[in-house]
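# Breakdown of the fold
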Amino acid sequence: MSGGSVNICSVTTEVKQALTEFRFRKANNTAALVLKVDREKQEIIIDEKLDDLSIDQLQDILPSHQPDM
């Protein structure tokens, strides 16, 4: 087994920027950044940016049949 890393999906510059903005945002309300895998392009893409919602609203928005992290 080699010690090199294996790239399964690429992360676009847009996603990296959105993650940085999300991580360092100053707002005190609940927000979520929903990402998904584009299987054809083998990329992680932004599915939705959600802001100012409750945990219950977030549970209602996210599909229960897809894995979430």
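Note that this is a predicted model, so its numbers are computed, not measured. (Residues numbered from 1 in each chain as written. Predicted model: local features only at pLDDT ≥ 70, side-chain atom pairs only at ≥ 80, totals over all residues. Heavy atoms only, no water.)

Another point: the pattern of salt bridges. For the structure shown, the criterion picks out two salt bridges. Two residues, Arg 25 and Asp 51, come together in a salt bridge whose shortest N-O distance is 3.8 Å. In this pair, Arg 25 is assigned in the loop between α1 (13-23) and β2 (31-38) and Asp 51 in strand β3 (residues 43-51), connecting sequence segments 26 residues apart. Take Arg 25: its relative accessible area is 28%, and that puts it in the partly exposed class. The salt bridge partner of Asp 47 is Lys 36, with a shortest N-O separation of 3.8 Å. (Salt bridge = Lys/Arg side-chain N within 4 Å of Asp/Glu carboxyl O. Helix = DSSP H or I, 4+ residues; strand = E, 2+ residues; numbered from the N terminus. Buried < 20%, exposed > 50% of the residue type's maximum accessible area, 1.4 Å probe, protein only.)

It is worth spelling out unusual backbone geometry at this point. Positive phi, close to 55 degrees, is recorded for Gln 42, a residue that is not glycine. Within the secondary structure, Gln 42 is located in the loop between β2 and β3. At Asp 52, a position not held by glycine, the phi torsion is positive, near 55 degrees. Mapped onto the fold, Asp 52 is located in the loop between β3 and α2 (55-61). On the accessibility criterion, Asp 52 (59% relative accessible area) is exposed.

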